[in-house]
Amino acid sequence: MILSRVKPAVGAGSSDQQGSSKQTPSLEDFLQRRDYNGAITILEFDQSSGRGNEMTNYWLGYCAFHLGDHQRALTVYQSLPPSDDVAVNLACCYFFLGMYPQSEKILDSAPSSRLKTRLLFHLAHKLGDEKKLMEHHQHLQDVIEDQLSLASIHYLRSHYQEAIDIYKRILLDNREYLALNVYVALCYYKLDYYDVSQEVLAVYLQKYPDSAIAINLKACNHFRLYNGKAAEAEIKTLMDQSSASFSFGHDLIRHNIVVFRGGVAALQVLPPLVDVIPEARLNLVIYHLKQEEYKEAFMLVKDLEPSVPQEYILKGVVNVAIGQETGSREHIKVAQQFFHLVGSSASECDTIPGRQCMASSFFLQRQFDDVMLYLSSIKSYYCNDDAFNFNYAQAKAALGHFKEAEDIFLMVQNEKLHNDYVYISHLARCYIMSGKPQSAWELYLKMETSADSFSLLQVIANDCYRMGQFWHAAKAFDMLERLDPSPEYWEGKRGACAGVFQLIISGKQPKELLPDVIQLLRNTANPQVETIIWTMKRWAKDNKINV
C-alpha cells in the first residue's frame, strides 16, 4: 500500500549550493533508488539542523514504513496533527503490526477512499470475516491498485492461478511494472513450478539485482530445485546487505538460512519469529517432528486455525504423530479430516501435496485400493524418497502385492526406518509371502530382545505356519515358548513340527532336518513329546536315517 503518491522535489541544498548538489544526493535520489535508510539520514539531518518541518515528518513516516519499520512509522504518524491522510496511514501501520482491531477502529473515522476500501478488504481477510470480505470486494474497481489488492488476497487464499491471471493482465498494458514479475514468480513458486518461477524472476533481477525479496525468492527456488547449499550461496550477498539497505529482510533471511541448513539453530532463531513470519511457526513444528518431539509440535499448532493448505497438512501430520504415540483415535480422526479437506479442495486436488493428502486420508481409513490410486499417480516424483516408498510399500503389502512391496521396502535407505518395527515386520511378512522365510528369520536374529522382537516372532510363527513353511514356524514357536511357556505356543510348535515331518516324508524337505526337529521337541516338557519323538524315530529307523 502506497501511503503517499506525491513526491515533492526536496533538494539536498539551496540554490547557492548548486555547485555541490551534483555530489550530494537529494531525498528524491534516495527515494528513486529505494534507499530508505539514505532518505531517513537526510530527513534526520534536516531535523537536527533546524530545517525540518511537518512535511519532513510525513516523509520520515513514509520511509520508515517502506523500510519495514512499521513501529517507527506509527510513532511518527501519531505525532502529526490529525487529518484524513494521517488516519489511513496510521491504520496501515496498525495493519502491518498485526493490530487488526486497532486498524479497523481508526478507519471508522476516516472518510471513504480507495485506499480505505482496500485496507478494509484486507482486514476482512485477516479477521476471517467472509461477509465483509465479499462486501468490500464489490467496491473494488477496475483500477491497478484495486486489482493488485484483489490479486494479493487470491494469493493469500492460495488461489495462485487467479492471482497470476490478474498480474499478467496488468503486465500486458504496463510492461514497466517490473515488480509484478516478482509476484508472478511467487505464485509459480507456490504452485511448485520452480523453474518457471526462476525464468519470470530473472526479468526483475536483471533490472534490480540487489532486490532483497527477489534474491530471497531465487534462493528458495534453488533450495527446491537443488539443495540447501545452492540456496545459501544465492542468499550470501543478501546476508551481507541485510544489516544495511535491507534491514527489513533480516528476520526473513535468518529464518530461511535455518531452513536451508536443515534446521540447524532452529531453536535459537525460529521461536522469536513465530509471530513475525508465518512460516516460522510451521518450520519450528517441522523441526520438532523431525526430533520426534511431538508434544512440543502439538503445542505450537493446538490453537492454530488453519487457513492455507500447508497449515492443514502440518496440523494433520502432528495429529497423526500424537495419535500414534498415545493411541488416540480422536487425533487420528482429526488428521484424516484435515487431509481429506486439502485433498478434495478444488485448488489442491490436482497438486502433488493434494494427492498425498488424499492418499493419507484413505490410508488412515485403511482403504488401500484408494491409497494406491493416488500414490501411483505421483510415484515418479518420489522414486528416491524413503518416506514415500515406506508408505507405498505398506499399501502394496496391505493389498497382498507382497513381491512388489518387498522390492519397494528394499529401496528404502534410511537407517532409522530400517530399525523401525513397522518396517521390519512388514518386510518380514513380504519375505514369508514371497517364499523367503529364512530372510525373515534373519531379520529377527539381528534384533535385540525386546517387545518388538517378541512381536516379530509371532508374525514369523503364524505367517510361516499359514504358508506351509513349517520349519521356520517351528523355530519361531520354539523361541516363543522359551520366552513365554504358554500352551498355545506349544500347540503351534507341535503342529509345525508335525508339518515338517510330513514334508520330510513326502521328500519336500531334506531328511537331515529330522534330528533338528526332534531337538526342538525336546525343549518342551510336555507328555506328548515322547510319543511324537517315538513316531519320528521309528520312521527314521525304517528309512535308515540316523537320529
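As a convention, each chain's residues are numbered from 1 in the sequence order in which they are written. Predicted model: local features are reported for residues with pLDDT of at least 70 only, side-chain atom pairs are reported and counted for 80 or more only, and whole-chain, interface and lining totals are derived from all residues. Side-chain metrics in this entry use all non-hydrogen atoms of the structure; hydrogen atoms and water are not considered.

Peer 1: Just checking my understanding: could you explain the side chain of Asn 181 for this structure?
Peer 2: The numbering of helices and of strands both runs from the N terminus, where a helix is a DSSP run of H or I of at least 4 residues and a strand a run of E of at least 2. Examined against the element boundaries, Asn 181 turns out to sit in helix α12 (residues 179-190). Since its relative accessible area comes to 11%, Asn 181 is described here as buried. Only protein chains enter the accessibility calculation, which uses a 1.4 Å probe; a residue whose area is less than 20% of its type maximum is buried, one above 50% is exposed, and one in between is partly exposed.

Peer 1: Looking at this model, I keep getting lost on unusual backbone geometry. Mind explaining?
Peer 2: With the exception of glycine, most residues fall at negative phi, and the peptide bonds are largely trans. Look at Arg 366: it is not a glycine, yet its phi comes out positive at around 60°. Overall, Arg 366 belongs to the exposed group, its relative accessible area being 63%. Residue Lys 544 is not a glycine yet carries a positive backbone phi of 55°. For Lys 544, the position within the fold is in the segment after α33 (528-542).

Peer 1: Looking at this model, I keep getting lost on the packing of aromatic side chains. Mind explaining?
Peer 2: The description of two aromatic rings rests on the distance between their centres and on the angle between their planes. The aromatic pairing rule takes the rings of Phe, Tyr and Trp, using the six-membered ring of Trp, and pairs them if the centres are within 6.5 Å, calling planes under 30 degrees apart stacked, those over 60 edge-to-face and the rest tilted. Within this structure, the stated rule accounts for 24 aromatic pairs. For the ring pair Phe 362 and Tyr 374, a centre distance of 6.0 Å and an interplane angle of 25° mean the geometry is stacked. Within this pair, whereas Phe 362 is found in helix α22 (residues 352-364), its partner Tyr 374 is found in helix α23 (residues 368-378), the two being separated by 12 residues in sequence. Its relative accessible area of 13% is what places Phe 362 among the buried residues. By the ring-pair criterion, three or more aromatic residues cluster together here, those being Phe 65, Phe 95, Phe 96 and Tyr 100. Between the NZ or CZ atom of Arg 34 and the centre of the ring of Tyr 208, over which it lies, the distance is 4.6 Å. Our definition puts a charge over a ring when NZ of Lys or CZ of Arg is within 6 Å of the ring centre and also within 35 degrees of the ring normal.

Peer 1: What's the story with helix α19 (residues 294-301) in this structure? I'm lost.
Peer 2: Of the positions making up α19, those classed as buried are Tyr 294, Ala 297, Leu 300 and Val 301. Buried residues of α19, viewed axially, fall in a sector of 120°; they line one side. Turned more than 90 degrees away from the buried face of α19, the exposed residues are Lys 295 and Met 299. Contacts are assigned to residue pairs with any non-hydrogen atoms lying within 4.5 Å of each other. Packed against the buried residues of α19 are α18 (278-290) and α20 (309-326). Each C-beta atom gives one direction from the helix axis, and the arc is the one those directions make.

Peer 1: How do you make sense of the pattern of salt bridges when you look at a structure like this?
Peer 2: A side chain of one charge can pair with a side chain of the opposite charge if their charged atoms are brought near each other. A side-chain nitrogen of Lys or Arg and a carboxyl oxygen of Asp or Glu constitute a salt bridge if their distance falls within 4 Å. Applying the stated criterion to the full structure yields 21 salt bridges. Residue Asp 146 pairs with Arg 118 through a salt bridge whose shortest N-O separation is 2.8 Å. With Asp 146 in helix α10 (residues 144-156) and Arg 118 in helix α8 (residues 114-126), this residue pair connects regions lying 28 residues apart in the sequence. Here the two residues Asp 146 and Arg 118 agree in accessibility, since each one is buried. Across the pair Glu 130 and Arg 157 runs a salt bridge whose closest N-O atoms are separated by 2.9 Å. Of this pair, Glu 130 sits in helix α9 (residues 130-138) while Arg 157 sits in the loop between α10 and α11 (160-173); the two residues are 27 residues apart in sequence, bridging distant segments of the chain. Under the relative-accessibility criterion, Glu 130 is labelled partly exposed at 42%. Relative accessible area serves as the criterion here: at 26%, Arg 157 is assigned to the partly exposed category.

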